[in-house]
Amino acid sequence: MPSPIKLRLAESHQELFIPREMSWLQFNGRVLQEAADTTVPVIQRLRYLGIFSNNMDEFFRVRVAEVRRLISVSTGKPHQQAKDLLAAIQTRVVEQQKEFERVYTTVLKDLRKRRIYMINERQLDAGQAAFVQDYFTQTVLPELEPILLRPEQPIPTLNDESIYLAMDIRSGEDYNYAVVEVPTDRLDRFVEIPRHKGKQGKVFIALDNVIRACLPQMFRGVFPVDEAAAYCFKFSRDAELEIDPDITESLIEKMASSLKQRRKADAVRFVYDAKMPPRLLEYLNSRFGFGKYDSLIPGGRYHNSKDFISFPNVGPRYLEFKPQPPVRIPRLDEPGSLFDSIREKDVFLYYPYHPFNYIVDLLKTAALDPQVTSIKICLYRVARISRVIDALVNAVQNGKRVLAVVELAARFDEAANITWAERLTENGIDVMFGVPGLKVHSKLLLIERKEGNGTRYYSHVGTGNFNEKTARLYTDFTLLTYDQEIGRDIYNVFDFLQYNYKRPEYQHLLVSPHSTRSGIETLIDQEIANARNGYRALMILKCNNLVDNALVDKLYEASDAGVEIRLLVRGMCSLRPGIPGISENISAISIVDRYLEHPRAYVFYNRGKPRYLIGSADLMTRNIDYRVEVLCPVYDSEAQQIIQDVLDQQWHDNVKARVIDADQTNTMVKGRKKAAQIRSQESIHRYLATGKLPRYPRTDIRSPAKRRRHQDQHD
């Protein structure tokens, strides 16, 4: 007989799962909360607005584009569900856009209190106007390529990563329309100009407003301009790549061709200045051919607010986050080879608290060490200026065999990865592009070294990319180990990538698409069995996204069995915690702070003998079934303790943590009465530097489980 929980799950499946698109919007709402928080330094608040805007661009290019495709290919109930979802998305986006404009206005006021001014073309005094005029003539005008919109002339393809000005021009009784790209790829978006005479502070004007101030000159006297006004707009296009199956082209050629096609993909969003005259908006709507499922979203005067991410701090240092000095690991800084340190004891790193330079040093050491014979690495995203790439090239120059698995389909890094693949190949590195139909998302490095009479493995398994830039902005775990069995498993992963027909047997790793799903389910089932047998059962799952329905079902089943489940989910979460009879034993939080939370760490109590896993796989169907991902057990007791202390501090964060409840309302976590205030990203830095922990209830995960005398009965 089916269990009651499974029957209820089958009956109310839709009600128990939040659509991942709506959950993602709630995550971006948490970013907007940080921009609105007046306790956050004001320059950082402006940058959060930039992050929010950049996130929204990607959301439309990926998530909304997918929903539109569902509408076009589905029928019946799925078709209506997709239409309803798109309508809900559009409603929520408009709400968030209004909130964005409100927060933006508040941030500008707070900047003015710090004597940092953002002004428009109507607020220029005579001296500033002269400066702007000269800057436009000398610097901006040569970069502008206006397009007159004529009925008989097709509109060229417009770039979805740019902002445009739609111009409304009156010449006598006639109106002309034109568009021009704001050249932010070549010029700074924010131009510092002289301050008002007798005033103090720093004054900026947006590049779009420089153009607005000098509109008539753009047309170079081709026709008289009696009146001219400009209104900002932008596109978001479907970012899905279609790879031509023509086997006569190389994969790089196919990818390059697909990237060109992306520029012509369907527009999924058109954001425009709400004050744009209706006749101009209707004209653009007609000329661009928007359909009923396109998102036309009115907004403020400015778009591409993602440029705020790089807004300079021209005031005191306290207007942005105080930098955290890197925490060095003394034994890695001692004279001698890093291989000696790893061989002696596993190394566990936590970026950005620990410096990523340790990995660069390891690669450079391997490049020089005469005993090293081979280096194998998975590259998903690398920095624009990459010392990782430099070290790999140097390794070849020193006679090592180097294999780099480059993922060409890393979304929005495709062009960069094509360039890197070509450079690596030119320098004698063996470059592979992974497995057809499977993205290689693993964060693996394997160094083979001659020791004694054989070859020994030095292994790296991480949760983040080999990217110096993001290692300063994202939190991520890295394990460096001399464990030869783990090394053999990683060797087998690379063997599978080279010879796809092989299906290796892994002794320790969980590897997608082979064993991740079954391995995680087995660990959950063990906790379920322990709970049903009367023992304490606990799981702590930290990831970016939890949207796999089968795993959500399994977690509901575990909750029903009495397993305590703690979820730390940064982004999308389809699961609804706290529903009586379904998920009452599940609690979830999300932390948004100065660093982007990026590790995946999965902990299972196992009756006081906890199991710890870290790796690249989120709890998403694509990561579990359709990518090459690796989760690795952590056996070193010191590393386990660091993971547990980090997760505990985050779980008790009562400053930057939000509750993920059944309706995802983004309520801030409330601290217990007289509880210490814990901002985990600050306390973790202090802990790693000094070993000191804040006051909070310990998880006590290593205590042997005692069987309860009166256990609940479950079918």
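Look above for the structure.
Residues numbered from 1 in each chain as written. Predicted model: local features only at pLDDT ≥ 70, side-chain atom pairs only at ≥ 80, totals over all residues. Heavy atoms only, no water.

Our focus in this paragraph is the overall build of the protein. Within the protein, the regular secondary structure consists of 19 helices and 27 strands. Relative to the globule expectation of 27 Å for 715 residues, the C-alpha radius of gyration of the protein, 28 Å, shows essentially globular dimensions. Among the 715 residues that make up the protein, the fraction classed as buried is 57%. Sequence separation of 24 or more characterises 76% of the internal contacts of the protein that already satisfy a separation of 6 or more. Approximately 31800 Å² of the protein is accessible, and the part contributed by carbon and sulfur atoms is 48%. In the protein, the 101 positive side-chain charges and the 92 negative ones have mean positions that sit 5 Å from each other. (Helix = DSSP H or I, 4+ residues; strand = E, 2+ residues; numbered from the N terminus. Rg over C-alpha atoms; globule rule 2.2 N^0.38 Å. Buried < 20%, exposed > 50% of the residue type's maximum accessible area, 1.4 Å probe, protein only. Contact = heavy atoms within 4.5 Å. Areas by Shrake-Rupley, 256 points an atom, 1.4 Å probe, with all protein chains shown as cover. Lys, Arg positive; Asp, Glu negative; His and termini not counted. Charge placed at Lys NZ, Arg CZ, Asp CG, Glu CD.)

Another aspect to go through is the pairing of strand S21 (residues 586-591). Regular strands show a simple pattern: their side chains alternate between the two faces of the sheet. Across the six residues that make up S21, a large majority, five, are buried. Here strand S20 (residues 564-569) pairs with S21 via four bridges, running parallel. Note on S21: the bridge partner recorded for Arg566 is Ser587. Of the strand pairs in this sheet, S21 and strand S26 (residues 657-659) are connected by three bridges, and their pairing is antiparallel. Following the sheet pairing, Ile589 is matched in S26 by Val659. (Pairing = 2+ DSSP bridges.)

Within the fold, Tyr272 resides in strand S8 (residues 267-273). Under the relative-accessibility criterion, Tyr272 is labelled buried at 10%. Taking the C-alpha atoms as reference, Tyr272 lies 6.5 Å from Ile297; in sequence the two are 25 residues apart.

A word on the packing of helix H12 (residues 387-397) against helix H13 (residues 414-426). Their axes nearest at 10 Å, the elements H12 and H13 cross at an angle of 20°. In terms of their interaxial angle, H12 and H13 are classed as roughly parallel. For the element pair H12 and H13, the recorded crossing hand is right-handed. On H13, the residues that touch Ile389, Asp390 and Val393 of H12 are Trp420, Arg423 and Leu424. In the contact of H12 with H13, the residues fall into four nonpolar, no polar and two charged. (Axes fitted to C-alpha atoms, helices over the stretch in contact; angles between N-to-C directions. Parallel < 35°, antiparallel > 145°, perpendicular 65-115°, else oblique. Left-handed = near helix turned anticlockwise from the far one by under 90°. Nonpolar A, V, L, I, M, F, W, Y, C, P; charged D, E, K, R; others polar.)

As a further point, take the sheet that holds strand S1 (residues 116-119). One open sheet holds the three strands; their spatial order is S1-S6-S5, and the pairing between them is mixed. Where the open sheet ends on each side, the last strands, each with one partner, are S1 and strand S5 (190-193). If you compare each strand with its neighbour and ignore which way they point, the axes differ by 35° on average. As judged from the four bridges shared by S1 and strand S6 (residues 202-206), these two strands associate in the parallel manner. Bridge assignment links Met118 to a residue of S6, and that residue is Phe204.

Here the amide bond leading from Tyr351 into Pro352 is cis, since omega sits at 0°, within 30 degrees of zero. The amide bond that connects Ser512 to the next residue, Pro513, takes the cis arrangement and shows omega of 5°. Phi at Arg607 is positive, roughly 55°, even though this residue is not glycine. Within the secondary structure, Arg607 sits in the loop between strand S23 (600-604) and strand S24 (611-615).

Another aspect to go through is the side chain of Asn530. Relative to the helices and strands, Asn530 is located in helix H15 (residues 516-532). The class of Asn530 is buried, set by a relative accessible area of 2%. Among all residues touching Asn530, those that are not within four sequence positions of it are Tyr535, Asn606 and Arg607.

Next up on the list: the state of the cysteines. Cysteine pairs can be covalently joined through their sulfur atoms, and such a bond is termed a disulfide. A full pass over the atoms with the stated rule returns zero disulfides. The structure places no disulfide on Cys214, whose sulfur is separated from the nearest cysteine sulfur, that of Cys232, by 17 Å. For Cys378, which is in no disulfide, the shortest distance to another cysteine sulfur is to Cys632 and amounts to 14 Å. (Disulfide = S-S within 2.5 Å.)

A cluster of basic residues, Lys364, Arg384, Arg387, Lys469 and Arg472, forms a positive patch at the surface. Tracing the backbone shows Arg384 in the loop between strand S11 (372-379) and H12. Owing to a relative accessible area of 75%, Arg384 belongs among the exposed residues under this scheme. (Patch = residues over 30% accessible without salt bridge, like charges linked within 9 Å, V, L, I, M, F, W, Y side chains within 5 Å. Salt bridge = Lys/Arg side-chain N within 4 Å of Asp/Glu carboxyl O.)

Moving on: the nonpolar core. Formed by 55 residues in total, the largest nonpolar core has its most connected members in Val493, Phe494, Leu497 and Ile643. Once residues lying within four places of it in the same chain are set aside, the contact partners of Leu497 are Cys378, Val405, Met432, Gly434, Val435, Val440 and Val628. Grouped together as the second largest cluster of nonpolar side chains are 49 residues, Val42, Ala82, Ile89 and Phe321 included. (Core = buried A, V, L, I, M, F, W, Y, C linked by side-chain atoms within 4.5 Å.)

Our next topic: the pattern of salt bridges. Counted according to the given criterion, the structure contains 40 salt bridges. A salt bridge links Arg170 to Glu227, with the shortest nitrogen-to-oxygen separation between them at 2.7 Å. Here the residue Arg170 occupies a position in strand S3 (residues 164-171), and Glu227 occupies one in strand S7 (residues 227-237), the gap between them amounting to 57 residues. The salt bridge involving Asp333 is made with Arg328; its shortest N-O contact spans 2.8 Å. Taking relative accessible area as the criterion, Asp333 reaches 38% and is therefore assigned partly exposed. Take Arg328: its relative accessible area is 41%, and that puts it in the partly exposed class. Through salt bridges with shared partners, a single ionic network connects Asp340, Arg343, Asp369, Arg449 and Glu451.

Right, let's get into helix H4 (residues 76-113). With 38 residues, H4 ought to run about 56 Å at 1.5 Å a step, and its terminal C-alpha atoms sit 56 Å apart, in line with that. Phi turns positive, to about 60°, at Arg115, one or two residues after H4. (Expected span 1.5 Å × (residues − 1).)

We now examine helix H18 (residues 637-651). Because the α-helix completes a turn every 3.6 residues, residues three or four places apart line up on one side. Between its first and last C-alpha, H18 extends 21 Å over 15 residues, near the 21 Å set by a 1.5 Å rise per residue. The N-terminus of H18 is capped by Asp636, whose side-chain oxygen sits 3.1 Å from the backbone nitrogen of Glu638. (Polar contact = N/O pair within 3.5 Å; in protein donor to acceptor, adjacent residues only side chain to side chain.)

If you walk through the whole model with that rule in mind, you get 29 aromatic pairs. Aromatic pair Phe52 and Phe100: ring centres 5.6 Å apart, planes at 25°, arrangement stacked. Here the residue Phe52 occupies a position in helix H3 (residues 42-73), and Phe100 occupies one in helix H4, the gap between them amounting to 48 residues. Taken together through their ring pairs, the aromatic side chains of Phe52, Phe100, Tyr104, Phe190, Phe204, Phe308 and Phe311 make up a single cluster. Here the guanidinium or amino end of Arg536 rests over the ring plane of Tyr605, the centre of that ring lying 4.7 Å away. (Phe/Tyr/Trp six-rings, centres within 6.5 Å; stacked < 30°, edge-to-face > 60°. Lys NZ or Arg CZ within 6 Å of the ring centre and 35° of its normal.)

This next bit is on the packing of H3 against H4. Between H3 and H4, whose axes approach to 11 Å, the crossing angle comes to 165°. With respect to their mutual orientation, H3 and H4 come out roughly antiparallel. In this structure, H3 crosses over H4, and the sense of that crossing is left-handed. Residue composition of the contact of H3 with H4, grouped by class: 22 nonpolar, three polar and four charged.

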